[in-house]
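Report on the structure
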Amino acid sequence: MFWHIDADFVALAIIFIVFTDIVINKAFSSPHWQDKIFAVVALSSFFLTLVDIISSAVMMMPNVNWWTYQLILTFYFITAPLSCIMWLIYTHSFSRPKPAKQELYLYFLMSLPYLVYTMAAITNPWSGFIFHLGPKLEYSRGNGYAWIIILYYFYMFFTTASVVRNRHTLGRAKTFLLLLFPLITAIAFYCQSYLFPGYLLICPSYACILLTSHLLLQNTRRKTDPLTGLPNRNALINELEERENSSRTLIMLSINDFSFVNERYGNVLGDNLLKEIAGELKAISLNNNVYRSSGDEFLLMFKDKSPKQAEDALEALKKRFENHWSISGAKLTLVLSIGVVSLPLPQDSRIDPLSALELAVREGKQKNSTSVTYYDSALSGKYNRQRQVLAAVREGLAEKRFKTYFQPIYNVDTKRFERAEALCRLCDPKLSWISPEEFIPIAEESEYVNEITYIVLEDSCRMARELHDQGAETVIHVNLSAENFLQADFKEKVLAILGKYKVPPSLITLEITEHLLLLRDKSAETVLRELAEKGVTFAIDDYGTGYSNLTYLANIPAAIVKLDKSILKISKDGGNFVLSLMEMMNKIKKTVIAEGVETEAQAELAKMAGCGHIQGYYYAIPMEESEFENFAVNHCLDIWCENINQWEQKENIAESISDK
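1. Describing the overall build of the protein
When helices and strands are tallied, the protein shows 27 helices and 18 strands. Put simply, the protein has 660 residues, and 50% of those count as buried. Partitioning the intrachain contacts of the protein with sequence separation of at least 6 by distance along the chain shows that 71% fall at a separation of at least 24. Accessible surface, the protein: about 32,400 Å² in total, of which carbon and sulfur atoms supply 56%.

Shown next as structure tokens:
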């Protein structure tokens with residue numbers, strides 16, 4: 001009989017490419033049971049196709065030895081149903097990622113019909129039960145040939161049943177893709193057996209389904225972190241989706257200020273440290289699932305059948321990170337922020353598990369030591385509040401509810417208010433006044449901060465222009481976010497707003513945080529220098545809350561440094577710390593503004609230390625535009641009061657002068 005084996009060669013090439021990709025990406029050693037099963041499926045499909053080609057070719061050759069022909073056909077019939085069994089196990093792995101011992105027994109029972117069939121195939125040369133070869137190599141089917149048909153449909157039936165049973169867990173897309181195998185294979189088997197007996201169609205159908213599954217259901221590279229070899233975020237999301245209602249405990253840990261390690265010691269040491277941490281987590285987790293969620297975030301997953309394992313792991317984590325890490329000769333002490341979530345979440349929860357974990361971790365990052373934060377009702381309420389604030393920010397921008405206030409800054413030497421900081425305020429109809437400390441971080445995460453920055457900059461330039469026209473030269477400080485520097489046209493927009501109001505650039509000071517310095521972003525530095533060349537001045541805001549060093553501070557185009565209010569509050573040593581800090585600032589020729597001065601003692605400490613400017617409620621509160629404009633213009637009367645409590649007296653003096 002003549003066989004058309006062209007399609008089999010194409011199928012062999014497809015399977016070889018898929019299998020090569022599987023081997024390169026180390027699927028056989030993957031931590032996922034599903035990946036290992038798929039690798040075996042690909043291997044069995046490859047050998048089946050190869051045997052199919054060889055056996056068909058031998059049958060078309062003249063003068064073939066009877067025993068050679070017999071053995072090759074026997075081997076073909078033994079391997080033919082093997083892929084069906086492997087596809088059944090692979091399909092089952094989507095609902096049981098790691099089978100229990102009792103399920104292994106189930107696999108054994110399912111394979112018993114195949115084992116009996118295999119024994120019959122081995123004895124076929126003598127029994128002719130499945131097929132018969134005459135003395136002249138005449139091929140004919142035996143009575144047992146129906147057995148292979150039964151086996152095919154038997155395993156395809158259970159494959160279909162497994163998919164249908166778990167369709168709600170799998171989801172519509174996976175259910176459809178997994179049902180393709182029994183459907184297409186059944187059609188191919190029927191066509192090859194009864195409609196087109198001279199064409200080999202089964203193995204090409206295997207190849208098509210294998211390629212589809214590899215592209216849409218597998219692809220190890222999408223699920224494995226290349227650095228640590230751990231399952232990645234995609235694998236974690238798949239696992240959570242497949243076990244949506246399962247009871248378990250999730251622990252996410254994030255290394256605080258890991259970017260500082262890379263900057264100081266280099267990325268190679270940082271990568272080696274992450275590998276070391278991954279190894280420790282595997283040991284601590286006691287073979288439970290460990291994932292690398294992102295750059296410096298890892299996640300451990302524990303089944304709630306033994307919740308004590310999760311508690312023991314937490315204690316082991318805290319204990320391990322209390323000790324230093326020795327990497328490439330460097331000794332590092334790391335601080336962790338740990339978030340813990342128990343699944344399933346309440347039915348009325350409006351947050352997914354990963355977001356709940358990240359919220360708990362973010363809460364822990366506000367502390368300066370390794371901390372554990374549990375996602376509970378209080379944190380859930382805080383999350384709901386953040387959602388409300390985000391909606392208020394979005395609506396506030398659309399309805400133009402953002403208002404700019406101005407807080408005057410006192411010059412110690414001239415005893416005048418020559419500067420002011422622009423402060424953004426938001427009043428929502430439902431939430432009332434929202435603090436900038438609350439809505440600015442939320443705006444930064446959602447990128448709304450860029451629109452807010454331009455609103456404040458416009459208001460500040462307009463105010464600076466109006467004061468300039470009235471002879472009240474006042475420098476307005478505008479806060480920037482690191483997010484602003486991610487905008488490609490940020491510099492052009494700043495210059496456009498300055499040009500719109502024809503404001504001398506020297507009347508606008510842009511405040512940046514130490515966080516921006518830590519980024520060491522060359523593009524940000526370029527923007528700073530280009531704006532400085534146009535006459536715009538810069539100030540470092542909240543200095544003392546980050547890790548920027550004086551050498552870097554001396555080299556950036558920022559003439560002003562604003563000491564964070566915490567510096568004065570913690571200075572209980574007679575001001576020696578502030579004095580030392582001021583000496584260093586004087587050496588690098590920086591003008592210093594003391595922020596958050598609220599008491600007379602703090603004001604005296606700032607003056608004694610040599611701070612040239614003071615900002616705070618002790619001298620002046622933030623004012624609306626019209627109030628601040630009157631304040632700044634009247635201040636030009638050269639009549640000064642010692643603090644804001646005497647402002648009413650000054651207003652009376654100004655009114656009496658105007659009456660004359």
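2. A few points about the sheet that holds strand E8 (residues 336-343)
Here we have five strands laid out as an open sheet, ordered E4-E5-E3-E8-E9, and mixed in their pairing. The open sheet has two free edges, formed respectively by strand E4 (289-294) and strand E9 (371-374), since each of these has just one partner strand. Neighbour-to-neighbour, the strand axes of the sheet open up by a mean angle of 20 degrees, direction not taken into account. Summarising the sheet, E8 and E9 pair through four bridges and their orientation is parallel. Residue pairing across strands places Ile338 opposite Val372, the latter belonging to E9. The strands touched by helix H15 (residues 353-364) within the sheet are strand E3 (248-255), strand E5 (297-303), E8 and E9, with E8 carrying the most contacts at an inclination of about 145 degrees.

3. Examining the side chain of Lys562
On the secondary structure map, Lys562 appears in strand E16 (residues 560-563). At 2.7 Å, the side chain of Lys562 and the side chain of Glu511 are in polar contact.

4. Let's talk about the pairing of strand E15 (residues 537-543)
Within a regular strand, the side chains alternate between the two sheet faces. Of all seven residues making up E15, five are buried, and the element is well covered by its neighbours. Here strand E14 (residues 508-513) pairs with E15 via five bridges, running parallel. Bridge pairing in E15 links Thr509 to Thr537. Both E15 and E16 contribute to a ladder of three bridges, which runs parallel. Along E16, the bridge assignment pairs Ile540 with Val561.

5. Overview of the pattern of salt bridges
Considering all chains together, one arrives at 19 salt bridges under this definition. One salt bridge connects Arg362 with Glu445, and the closest N-O pair in it is separated by 3.6 Å. Highlighted residues: Arg362 in helix H15 and Glu445 in helix H17 (residues 436-446), separated in sequence by 83 residues. Residue Arg362 is classed as partly exposed on the basis of its relative accessible area of 34%. Note that Lys493 is salt-bridged to Asp489, the shortest N-O span being 3.8 Å. Residue class for Lys493 comes out partly exposed when judged on its relative accessible area of 36%. When salt bridges with common partners are traced through the structure, they connect Glu421, Glu511, Lys562 and Glu595 into a single cluster.

6. Some words on the confidence of the model for the protein
Mean pLDDT over the protein works out to 83, with 88% of the residues at or above the 70 mark. Element-level pLDDT for the protein is lowest in helix H27 (residues 647-659), with a mean of 44, against a maximum mean of 95 in strand E13 (residues 475-479). Confidence drops under a pLDDT of 50 for residues 637-660, and excluding neighbours within four residues, the segment shows 24 contacts in the predicted structure.

7. Some thoughts on the environment of Cys461
Structurally, Cys461 can be placed in helix H18 (residues 449-469). Classification of Cys461 by relative accessible area gives buried; the value is 0%. As for Cys461 and Pro505, which are separated by 44 residues in sequence, their C-alpha atoms are 9.3 Å apart. With sequence-adjacent residues up to four places away left out, Cys461 is seen in contact with Ile497, Leu498, Tyr501, Val503 and Ile508.

8. A look at the packing of helix H1 (residues 6-24) against helix H2 (residues 33-59)
At a minimum axis distance of 9 Å, the contact between H1 and H2 shows a crossing angle of 150 degrees. When the axis of H1 is compared with that of H2, the two are roughly antiparallel. Of the two elements, H1 crosses H2, and the hand of that crossing is left-handed. From H1, Asp8, Phe9, Ala11, Leu12, Ile15, Phe16, Val18, Phe19 and Ile22 reach across to H2, where they touch Phe38, Ala39, Ala42, Leu43, Ser45, Phe46, Thr49, Leu50, Asp52 and Ile53. Looking at the contact of H1 with H2 residue by residue, the classes come out as 15 nonpolar, two polar and two charged.

9. Concerning helix H10 (residues 202-216)
In this model, H10 (15 residues) spans 21 Å end to end at C-alpha, consistent with the 21 Å of a helix rising 1.5 Å per residue. The complete set of buried residues in H10 reads Ile202, Cys203, Pro204, Ser205, Tyr206, Ala207, Ile209, Leu210, Ser213 and His214. For H10, the elements touching its buried residues are H1, H2, helix H4 (82-93), helix H7 (145-165) and helix H9 (172-195).

10. What to know about the environment of Ile148
Tracing the backbone through its elements, the reader meets Ile148 in helix H7. Owing to a relative accessible area of 4%, Ile148 belongs among the buried residues under this scheme. It is 7.2 Å that separates the C-alpha atoms of Ile148 and Pro81, two residues lying 67 residues apart in sequence. In contact with Ile148, other than residues within four places in its own chain, are Phe77, Ala80, Pro81 and Tyr117.

11. Considerations on the nonpolar core
Across soluble globular proteins, you tend to see nonpolar side chains buried next to one another. Ranked by internal contacts, the top residues of the largest apolar core, which has 79 residues, are Val393, Phe439, Ile452, Ile476, Ile508, Leu510 and Phe628. In terms of residue count, H18 provides more of this core than any other element does, nine residues in total. Contacts of Ile452, omitting those with residues within four sequence positions, involve Val393, Leu397, Phe402, Cys424, Phe439 and Ala443. Counting 67 residues, the second-largest nonpolar core is a separate cluster that includes Ile5, Tyr76, Leu88 and Tyr206.

12. Here's the deal with the packing of aromatic side chains
According to the stated counting rule, one finds 28 aromatic pairs in the structure shown. One Lys or Arg, Arg320, reaches over the ring of Trp325 and ends 3.6 Å from the middle of that ring.

13. Overview of the side chain of Thr474
Relative to the helices and strands, Thr474 is located in the loop between H18 and E13. Assessed through its relative accessible area of 5%, Thr474 is described here as buried. Those residues in contact with Thr474 that sit more than four places away from it in its chain are Glu418, Arg419, Ala420, Ala464, Leu467, Leu507, Phe628 and Ala632.

14. Digging into a nonpolar patch on the surface
A contiguous nonpolar surface patch, about 630 Å² in accessible area, is contributed by Tyr153, Tyr190, Tyr194, Leu195, Phe196 and Tyr199. If you tally residues by element for the nonpolar patch, the top one is H9, at three residues. Relative to the helices and strands, Tyr194 resides in helix H9.

15. What to know about H4
If you check H4, its first and last C-alpha atoms are 17 Å apart, about what 12 residues at 1.5 Å a residue would give, namely 16 Å. Counting buried residues in H4 gives 11 out of 12 residues, a clear majority hidden from the surface. Looking only at H4, the buried set comprises Ser83, Cys84, Ile85, Met86, Trp87, Leu88, Ile89, Tyr90, Thr91, His92 and Ser93.

Cut-offs used in this document
Residues numbered from 1 in each chain as written. Predicted model: local features only at pLDDT ≥ 70, side-chain atom pairs only at ≥ 80, totals over all residues. Heavy atoms only, no water. Helix = DSSP H or I, 4+ residues; strand = E, 2+ residues; numbered from the N terminus. Buried < 20%, exposed > 50% of the residue type's maximum accessible area, 1.4 Å probe, protein only. Contact = heavy atoms within 4.5 Å. Areas by Shrake-Rupley, 256 points an atom, 1.4 Å probe, with all protein chains shown as cover. Pairing = 2+ DSSP bridges. Axes fitted to C-alpha atoms, helices over the stretch in contact; angles between N-to-C directions. Polar contact = N/O pair within 3.5 Å; in protein donor to acceptor, adjacent residues only side chain to side chain. Salt bridge = Lys/Arg side-chain N within 4 Å of Asp/Glu carboxyl O. pLDDT = per-residue confidence, 0-100. Parallel < 35°, antiparallel > 145°, perpendicular 65-115°, else oblique. Left-handed = near helix turned anticlockwise from the far one by under 90°. Nonpolar A, V, L, I, M, F, W, Y, C, P; charged D, E, K, R; others polar. Expected span 1.5 Å × (residues − 1). Core = buried A, V, L, I, M, F, W, Y, C linked by side-chain atoms within 4.5 Å. Phe/Tyr/Trp six-rings, centres within 6.5 Å; stacked < 30°, edge-to-face > 60°. Lys NZ or Arg CZ within 6 Å of the ring centre and 35° of its normal. Patch = residues over 30% accessible without salt bridge, like charges linked within 9 Å, V, L, I, M, F, W, Y side chains within 5 Å.

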